[in-house]
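Read off the chains here:
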Amino acid sequence: MSAAYSYKRQIPVYDSADVIVVGGGPAGTAAAIGAARSGKRVILLEKSGQLGGMGTLGNVSIFMPIGNVTGIYREFIAEMLDSALPPGHDQSIAPQFSPFVLRHYLNEKMRKEGVETFFHAEFVGTVAGDGAVEAVIVSTREGLQAIRGLRFIDCTGDARMAIELGVPFTSGRESDGMTQPMTLMFMMQNTGKPVRRYLPEGCPAYRSVDELPQGRHLFWEQNDDGMLLVNMTRVKGHGARIADVNAAEPEALRQVFSIVDYLQRNGFENYALSHVAGQTGVRETNQIQGLYTLTESDLTNGRRFEDVVAQTNYEIDIHSPDGHRTTDERHVDGYDIPYRCMVPVAFGNLLVAGRAISATHVAMSSMRVQATCYALGQAAGIAASLSIDRACECRDVPIDELHLAMAAQNVRLWKPEHPHR
Ligand SMILES: Cc1cc2nc3c(=O)[nH]c(=O)nc-3n(C[C@H](O)[C@H](O)[C@H](O)COP(=O)(O)OP(=O)(O)OC[C@H]3O[C@@H](n4cnc5c(N)ncnc54)[C@H](O)[C@@H]3O)c2cc1C
């Protein structure tokens, strides 16, 4: 075993609330709203200075289509991107958005919903005992502080809080633990005239599509404003491991400059680099072991569950974990995600929402997109609130009541006539 210290100190209790949400990405923001609309006092802890998770911090500013456009996600589209709002819930949309607008929108939304947001508040530890969490320890601009709560929702994407508590988890492919690669997203802007190219030292000049990190073009252009969103870098590694992230950040930025140079030589002569995400995006890290684990066969068989909380028909979408330039993309018709995927096998007052739910490597490649994480988060926030009202553990929340409370928050779940369960 490597060297270790025992570290003990008194931590002041800064605040408390009914529901504490850790992580302000798609799952966390929706969880906070879901709990606040259920009448609970909510504190949302976010380690950065912005809400939105990968959608803002990672510049992943396009929502992939999931089929069921409902609940808070539908409300966001109606309020922020109304021209993209589909008339029916089942019509898929894939709207591109400004990460800056979403960042502002979410700040205002939290204020209106009465959610107390703590920025630059990074979860670092827990106070727990007797199968329940009592408080989280947070690193803030005023040092370490404790925040107490009755229910906790881990929306860190990495299951950081659940892992800290000792909840069992898996990572990546079942065969070798390798995860999908990381990508540093960026934007280019059409300036209407040729731009001066700049390839910094150490950044290779790509000569053909085959030499690009993903071996393909992958970008979206908004029709009206000449803004190109580029998803073309690719760095192998595990986004929740220190050494891998240390290597990935500089490598991904080298690739950004090389891809910009390549695009400017190949049809995008008028486009200037206009924004690079503040951090390299992480697709996949850790999955908790929950009461149910979503599997590839659930996706391919279109499985339906009594305790459904989210529905999606987003494809299986696996960027090669091996460092190859390939992506495994497979259509799925649509499936349910059950509540039990968010309930960890240990700790009665903890839920995990977002991409770190209990799912296999293949299953998470489909459920990971933002709209699904918003749906999971909203359900988790409502369930946490219900478990307080019913004085029960999160695992015992009555599903019929959860569905009624979700419906009251405009979540519409599609019910097939002949479900195969
Ligand atoms: C490169 C890339 C491209 C993608 N492409 C698309 C796409 O085109 N469309 C799409 O819909 N989805 C896409 N996705 C997937 C999607 O963006 C994510 O899976 C989704 O954002 C996950 O949501 P989440 O809330 O679970 O986690 P995240 O979005 O990762 O949010 C987690 C939040 O928790 C915070 N946090 C983490 N640790 C702590 C801590 N210790 N204390 C406090 N806060 C913490 C983080 O700062 C962050 O704000 C892509 C992802 C990547 C990386």
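The notes below deal with the structure included here.

Cut-offs used in this document
Residues numbered from 1 in each chain as written. Predicted model: local features only at pLDDT ≥ 70, side-chain atom pairs only at ≥ 80, totals over all residues. Heavy atoms only, no water. Salt bridge = Lys/Arg side-chain N within 4 Å of Asp/Glu carboxyl O. Helix = DSSP H or I, 4+ residues; strand = E, 2+ residues; numbered from the N terminus. Buried < 20%, exposed > 50% of the residue type's maximum accessible area, 1.4 Å probe, protein only. Contact = heavy atoms within 4.5 Å. Polar contact = N/O pair within 3.5 Å; in protein donor to acceptor, adjacent residues only side chain to side chain. Near = heavy atom within 4 Å. Areas by Shrake-Rupley, 256 points an atom, 1.4 Å probe, with all protein chains shown as cover. Lys, Arg positive; Asp, Glu negative; His and termini not counted. Expected span 1.5 Å × (residues − 1). Arc of directions from axis to C-beta. Bend = angle between axes of the 7 residues up to and from the residue.

A look at the pattern of salt bridges
Stage number 1. Taken as a whole and judged by the stated rule, the model has 26 salt bridges.
Stage number 2. Linking Glu 79 and Lys 109 is a salt bridge whose minimum nitrogen-to-oxygen distance equals 2.9 Å. With Glu 79 in helix 2 (residues 71-80) and Lys 109 in helix 3 (residues 99-113), the pair connects residues that are 30 residues apart, well separated along the chain.
Stage number 3. Of the residues examined, Glu 79 reaches a relative accessible area of 46% and is grouped as partly exposed.
Stage number 4. Across the salt bridge formed by Arg 355 and Asp 158, the nearest N and O atoms sit 3.0 Å from each other. One end of the pair, Arg 355, is in the loop between strand 17 (350-352) and helix 7 (361-367); the other, Asp 158, is in the loop between strand 6 (143-154) and helix 4 (160-164), with 197 residues separating them in the sequence.

Here's the deal with the environment of His 89
Stage number 1. Relative to the helices and strands, His 89 is located in the loop between helix 2 and helix 3.
Stage number 2. Among all residues touching His 89, those that are not within four sequence positions of it are Gly 67, Asn 68, Val 69, Thr 70, Arg 74 and Arg 412.
Stage number 3. A polar atom in the side chain of His 89 sits 3.4 Å from the side chain of Thr 70.

Points about the site of the ligand
Stage number 1. Every one of the 31 residues lining the ligand counts as a neighbour, but Glu 46, Ile 62, Phe 123, Arg 355 and Arg 368 are closest to it.
Stage number 2. The separation between an oxygen atom of the ligand and a polar main-chain atom of Met 64 is 3.2 Å.
Stage number 3. Within the backbone of Arg 355, an N or O atom sits 2.9 Å from an oxygen atom of the ligand.
Stage number 4. Across the complex, the protein chains shield 97% of the 1,000 Å² of accessible surface that the ligand would expose by itself.
Stage number 5. Among the secondary structure elements, those contributing two or more residues to the shell around the ligand are helix 1 (26-36), strand 4 (122-129) and helix 8 (370-389).

As for the side chain of Asp 154
Stage number 1. With respect to the secondary-structure elements, Asp 154 resides in strand 6.
Stage number 2. Buried Asp 154, no salt bridge; nearest opposite-charge side chain is Arg 160, N-O distance 7.6 Å.
Stage number 3. Asp 154 has contacts with Val 22, Ala 159, Arg 160, Met 161, Ala 162, Leu 350, Leu 351, Val 352 and Ala 353, leaving out every residue within four places of it along the chain.

As for helix 3
Stage number 1. The terminal C-alpha atoms of helix 3 lie 21 Å apart, and with 15 residues this matches the ideal 21 Å at 1.5 Å per residue to within 8%.
Stage number 2. Along helix 3, the residues that are buried comprise Pro 99, Leu 102, Tyr 105, Leu 106, Lys 109, Met 110 and Glu 113. Within helix 3, the buried residues cover an arc of 130° as seen down the axis, which keeps them to one side. Relative to its buried face, helix 3 has exposed residues pointing more than 90 degrees away, namely Arg 111 and Lys 112.
Stage number 3. Against helix 1, strand 2 (42-45), helix 2, strand 3 (116-118), strand 8 (186-190) and helix 8 lie the buried residues of helix 3.
Stage number 4. Its side-chain oxygen 3.1 Å from the backbone nitrogen of Phe 100, Ser 98 forms the N-cap of helix 3.

Remarks on helix 5 (residues 242-265)
Stage number 1. The first and last C-alpha atoms of helix 5 sit 35 Å apart over 24 residues, in line with the 34 Å expected at 1.5 Å per residue.
Stage number 2. Along helix 5, the helix axis deviates most sharply at Ala 248, where the bend reaches about 25°; the proline Pro 250 sits within four residues downstream.
Stage number 3. What helix 5 keeps buried is the set Ala 248, Ala 252, Gln 255, Val 256, Ser 258, Ile 259, Val 260, Asp 261, Tyr 262, Leu 263 and Gln 264.
Stage number 4. Contact partners of the buried residues in helix 5: strand 8, strand 9 (219-221), strand 10 (227-230) and strand 11 (271-276).
Stage number 5. Looking one or two places after helix 5, you find Gly 267, whose phi comes out positive at around 105°.

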